[in-house]
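Listed below are the residues making up each chain.
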Amino acid sequence: MTNVSYKFLEQTLDKRLMSNMRKKRSAHERQKESYQTGEWASGKKWADDAPRETVDANSVNLISTGACGAIVHGLEDEFLEVRNATLDSLCELALQSHSFAILSIDFLVDMFNDEIEEVRLKAVHCLTKISNHIVLREDQLETILAVLEDFATDIREAVHSMLACCHLSTDKCLKMCVDHLLENLKRYPQDKRSIWKCLQQLGSRHPELTLPLVTDLLGIHPFFDTPEPDMDDPAYISILILIFNSACTCPTMIPLLEQHTLKHYSYLRDSLSNLVPPIKYLSQGQSKREVKEVSTNTMAFLQNELDKIARAEKLNALTRQRLQETAIQDLSRLAKIDLSLAASASCASHYIQCQLLFAKILQNKNWCCSSMLALQHGNTVKNAVEQLLQTSFRLSHVFVGLTPTEVATIMQLRLKVFALHLVYIVRGSNSSALALCDHFLNQVENLQKYLYQNNLCSDAFVDAVFREMDQLEDPKPGTVARILQPLLQSYHSPALRLTSAVRQTKAVIYEPTGDSDTPLKFTAGLLLGINLDAEIENVTDLKTVRIMVKYPDQQCQMILPKSADFREIDSNRHRLVTTVLLSHNVWSEACQVEIGLTLDFTEAGMGSNKNYQKTVSKSEENTIELCDPVKVTISPKPIKKGI
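Residues numbered from 1 in each chain as written. Predicted model: local features only at pLDDT ≥ 70, side-chain atom pairs only at ≥ 80, totals over all residues. Heavy atoms only, no water.

### Description of the overall build of the protein chain
Argument step 1. Per the secondary structure count, the protein chain includes 25 helices and 16 strands.
Argument step 2. Per-residue burial for the protein chain yields a buried fraction of 44% across its 643 residues.
Argument step 3. Put simply, of all contacts in the protein chain between residues at least 6 apart along the chain, 74% involve residues at least 24 apart.
Argument step 4. Taken as a whole, the protein chain presents about 35,600 Å² of accessible surface, with 50% of it coming from carbon and sulfur. (Helix = DSSP H or I, 4+ residues; strand = E, 2+ residues; numbered from the N terminus. Buried < 20%, exposed > 50% of the residue type's maximum accessible area, 1.4 Å probe, protein only. Contact = heavy atoms within 4.5 Å. Areas by Shrake-Rupley, 256 points an atom, 1.4 Å probe, with all protein chains shown as cover.)

### As for unusual backbone geometry
Argument step 1. Note that the residue after E511, namely P512, is joined by a cis bond; omega there is 0°.
Argument step 2. Here P512 lies in the loop between β7 (506-511) and β8 (520-523).
Argument step 3. A positive phi angle, close to 55°, is found at N455, a residue other than glycine.
Argument step 4. Note on N455: relative accessible area 72%, which makes it exposed.

### Overview of the sheet that holds strand β13 (residues 573-582)
Argument step 1. The antiparallel open sheet is built from 4 strands, whose spatial order is β7-β9-β13-β12. With partners counted over all chains shown, the strands left at the sheet margins are β7 and β12 (566-568), one partner each. If you compare each strand with its neighbour and ignore which way they point, the axes differ by 25° on average.
Argument step 2. Sheet analysis places strand β9 (residues 528-537) next to β13, joined by 10 bridges and oriented antiparallel. Within β13, the residue paired with G529 across the bridge is L581. (Pairing = 2+ DSSP bridges. Axes fitted to C-alpha atoms, helices over the stretch in contact; angles between N-to-C directions.)

### A few points about the pairing of strand β16 (residues 630-637)
On a regular strand, one side chain projects to one face of the sheet and the next to the other, so that they alternate.
Argument step 1. In terms of residue burial, β16 counts as a mostly covered element, since 6 of its 8 residues are buried.
Argument step 2. Bridge analysis of β8 against β16 gives 4 bridges, and the strand direction is parallel. Paired with K521 across the two strands is S635, which belongs to β16.
Argument step 3. Pairing geometry for strand β14 (residues 591-600) and β16, over 5 bridges, is antiparallel.

### So, the packing of aromatic side chains
Argument step 1. In the structure shown here, the tally under the stated rule is 2 aromatic pairs.
Argument step 2. With a centroid separation of 5.1 Å and 70° between ring planes, the pair formed by F244 and Y265 is classed as edge-to-face. Linking F244 in helix α13 (residues 234-247) with Y265 in helix α14 (residues 259-271), this pair joins segments that are 21 residues apart in sequence. Both residues of the pair, F244 and Y265, count as buried.
Argument step 3. Summarising the aromatic geometry, the rings of F393 and F601 are spaced 5.8 Å apart at their centres and angled 85° between planes, so their arrangement reads as edge-to-face. Taken as a pair, F393 in helix α20 (residues 378-397) and F601 in the loop between β14 and α25 (610-615) lie far apart in primary sequence, 208 residues in all. F601 shares its class with F393; the two are buried.
Argument step 4. For K416, the ring lying beneath its charged end belongs to F358, and the centroid distance is 5.1 Å. (Phe/Tyr/Trp six-rings, centres within 6.5 Å; stacked < 30°, edge-to-face > 60°. Lys NZ or Arg CZ within 6 Å of the ring centre and 35° of its normal.)

### Thoughts on the pattern of salt bridges
Argument step 1. As enumerated under the stated definition, the model contains 19 salt bridges in all.
Argument step 2. For K175, the salt bridge goes to D179, with nearest N and O atoms at 2.9 Å. In this pair, K175 and D179 are both assigned in helix α9 (residues 171-187), 4 residues apart and thus about one turn of the helix distant.
Argument step 3. With a closest N to O distance of 4.0 Å, E305 and K308 form a salt bridge. Here E305 and its partner K308 are both found in helix α16 (residues 298-311), 3 residues apart, which amounts to about one turn of the helix. (Salt bridge = Lys/Arg side-chain N within 4 Å of Asp/Glu carboxyl O.)

### Some thoughts on the packing of helix α21 (residues 404-428) against helix α24 (residues 477-490)
Argument step 1. Remark: α21 packs on α24, axes separated minimally by 9 Å, with the N-to-C direction vectors making an angle of 120°. Classed by the angle they form, the pair α21 and α24 counts as oblique. For the pair α21 and α24, the crossing hand works out as left-handed. Between α21 and α24, the contacting residues are K416, A419, L420, L422, V423, V426 and R427 on the first element and P477, G478, V480, A481, R482, L484, Q485 and L488 on the second.
Argument step 2. Partitioned by chemical class, the residues of the contact of α21 with α24 number 10 nonpolar, 2 polar and 3 charged. (Parallel < 35°, antiparallel > 145°, perpendicular 65-115°, else oblique. Left-handed = near helix turned anticlockwise from the far one by under 90°. Nonpolar A, V, L, I, M, F, W, Y, C, P; charged D, E, K, R; others polar.)

### Overview of α24
Argument step 1. Taking 1.5 Å of rise per residue, 14 residues should cover 20 Å, and α24 covers 20 Å from first to last C-alpha, within 8% of that figure.
Argument step 2. Along α24, the positions that sit buried rather than exposed are P477, V480, A481, I483, L484, Q485, L487 and L488.
Argument step 3. Those residues of α24 that are buried lie in contact with α18 (342-363), α21, α22 (434-453) and α23 (460-471). (Expected span 1.5 Å × (residues − 1).)

### Some words on the nonpolar core
Argument step 1. Ranked by size, the top nonpolar core spans 95 residues in total, and within it F440, I536 and L597 carry the most contacts.
Argument step 2. When residues no more than four places from it in sequence are discounted, the contact partners of F440 are L415, F418, A419, L422, V465, M469, V480 and L484.
Argument step 3. Listed in part, the 75 residues of the second largest apolar core include I71, V147, C250 and L275. (Core = buried A, V, L, I, M, F, W, Y, C linked by side-chain atoms within 4.5 Å.)

### A few points about α18
Argument step 1. Along its 22 residues, α18 runs 31 Å from first to last C-alpha, staying within 8% of the 32 Å computed at 1.5 Å per residue.
Argument step 2. Among the 22 residues in α18, 17 count as buried, and that is most of the element.

### Description of empty space enclosed by the protein
One simple way to see leftover space: roll a probe sized like a water molecule over the atoms.
Argument step 1. According to the stated counting rule, one finds 1 cavity of 30 Å³ or more in the structure shown.
Argument step 2. The volume enclosed by the largest cavity comes to roughly 40 Å³.
Argument step 3. As for the largest cavity, its lining consists of Y351, T409, Q412, L413, K416, D459, F461, S493 and P494.
Argument step 4. It is α21 that contributes the most residues to the lining of the largest cavity, 4 residues altogether.
Argument step 5. Within the lining of the largest cavity, the residues separate by chemical class into 4 nonpolar, 3 polar and 2 charged. (1 Å grid on protein atoms, 1.4 Å probe; cavity = no way out; pocket = protein on both sides within 12 Å on 5 of 7 lines; lining within 4 Å. Points joined across faces, edges and corners; volume = space filled by probe spheres on them.)

### Examining the layout of surface pockets
Argument step 1. The calculated volume of the second largest pocket comes to roughly 790 Å³.
Argument step 2. Lining the second largest pocket we find 23 residues, and of these Y510, E511, P512, T513 and D515 sit closest to its centre.
Argument step 3. Mapped onto the lining of the second largest pocket, the elements with two or more residues apiece are α9, α10 (192-205), β7, β9 and β16.
Argument step 4. Taken together, the residues that form the lining of the second largest pocket break down as 9 nonpolar, 7 polar and 7 charged.

### Section: the environment of V426
Argument step 1. With respect to the secondary-structure elements, V426 resides in helix α21.
Argument step 2. Between the C-alpha atoms of V426 and L436, which are 10 residues apart in sequence, the distance is 9.6 Å.
Argument step 3. Among all residues touching V426, those that are not within four sequence positions of it are A433, P477, G478 and A481.

Take a look at the structure:
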């Protein structure tokens with residue numbers, strides 16, 4: 001349908017039938033005309049009902065009646081599948097023809113009132129796609145803004161995105177949008193982030209429409225001073241986001257702002273820098289506070305730190321440990337300064353921290369002697385081994401985007417950690433090591449396959465392990481530990497070289513905010529639902545995501561979200577919108593419950609070995625926290641007995 005002329009496309013939106021580009025009357029209309037003129041065939045005359053004009057059949061070009069009103073019929077079809085398919089076709093045609101897009105606006109807006117939520121959402125998405133071709137009028141906006149009262153969160157946020165992309169015709173349209181968005185914020189406070197992003201785009205797209213509304217939106221009186229608004233009011237922040245984004249390209253707006261509004265700009269520039277842009281037209285006192293961009297060579301600093309650690313292998317143990325401790329501190333600060341290198345710096349810091357823990361454990365000559373550990377340094381070595389397991393486990397699962405060579409380096413470090421853990425359990429404790437030994441041998445086999453498939457070479461320690469394990473006939477824990485102990489003390493872990501753009505798995509919880517001291521009361525033994533809205537980045541397998549709920553009595557629950565609760569933002573980001581159900585017995589007073597997001601690898605990777613899983617002392621070994629937990633105050637109340 002891409003090569004169809006505009007005249008034919010126009011007829012798909014019109015139910016009137018056309019013949020030779022002239023309106024074709026129906027049989028009913030022709031009979032009605034004959035009745036009104038009295039020209040009915042009496043039968044007394046020959047051929048008195050013949051056509052009034054003779055038409056050559058070859059000269060008439062009939063357009064297929066199926067194309068006339070085809071889209072209108074499709075949008076009015078009783079089946080939602082047909083309506084959805086029609087909306088897709090209408091959107092595709094509108095993207096290719098500016099004139100057709102203008103004609104299709106009214107039909108798309110009418111579909112906002114469809115009884116099926118899926119169809120309404122499809123209509124909003126279609127109007128968003130063609131937003132660059134259209135300008136919305138007031139009558140069309142009335143129908144669109146009425147959808148903001150919809151109970152479905154997806155539809156409201158889709159309308160926010162659509163309004164952010166559209167062009168408005170008059171300042172009344174913009175005022176209407178702002179009023180309805182503020183009413184939406186009042187009715188559904190959870191839409192705050194989406195509304196703020198919408199107003200940001202509305203302000204940057206319509207500075208000329210925002211200018212005459214500034215005094216009205218801010219409540220500025222020409223003669224009297226008005227009280228300073230509350231900066232904790234989300235509605236006031238919404239208006240400021242609209243105005244400040246318009247002021248970037250409209251310098252005449254700055255003199256209209258009051259002094260306290262300029263102070264609020266400085267505050268919002270620090271707290272909401274992603275929504276409030278820098279404005280160069282502000283007064284000199286304000287402009288001096290803007291930090292100028294300075295070119296930094298943070299990537300070179302990162303590579304320099306890694307080179308220092310690589311050269312430190314030839315130094316003595318004490319000097320090497322000091323360099324590693326200094327490098328860990330520098331990389332931690334670098335991750336806070338330059339967010340673009342935060343993942344790479346954090347990955348290098350974790351790797352160096354594992355090397356440092358290795359050196360400290362092996363530096364203790366009695367680390368693998370159970371009798372000496374029982375007398376001294378027992379807990380120190382045990383805690384260091386557990387910390388090494390946790391750090392290496394996080395290093396293996398949190399960072400993505402690594403090259404095969406970098407992944408192989410981390411896998412070899414992880415194998416060395418398993419080897420040290422096995423020797424520690426066999427030599428330094430009385431626990432069974434059968435499961436640990438089996439798991440270590442499985443990791444050796446997996447590493448061999450990975451190196452062979454990617455045509456990579458192993459380091460000195462791993463190469464020695466491969467040779468010894470191939471010659472071993474009966475791999476018992478004691479025999480394997482006896483072989484690994486001298487190898488651990490003879491070979492150092494190679495330095496890590498980062499050449500790729502590393503990404504880190506993380507999450508941000510937007511709701512609940514955790515800033516409310518008012519306890520949520522519910523009847524003990526029943527359920528309390530808490531809305532959770534979070535954004536997850538760089539998670540390769542969403543099946544490993546868990547919602548962790550930790551109660552004051554140290555009970556910890558891992559909740560598996562439904563797959564329908566995840567919504568893809570882009571290839572690396574997902575949004576989790578769900579309801580967390582809490583329940584507990586009666587408490588004497590209100591207490592805080594921690595809600596967070598974690599990755600649970602109990603059923604995957606190293607957790608697939610059930611015997612090894614039982615051997616691990618802490619359940620946190622297979623879980624990784626993606627963010628700091630949010631604290632919510634709840635208060636289970638006793639059941640009220642009836643009269």
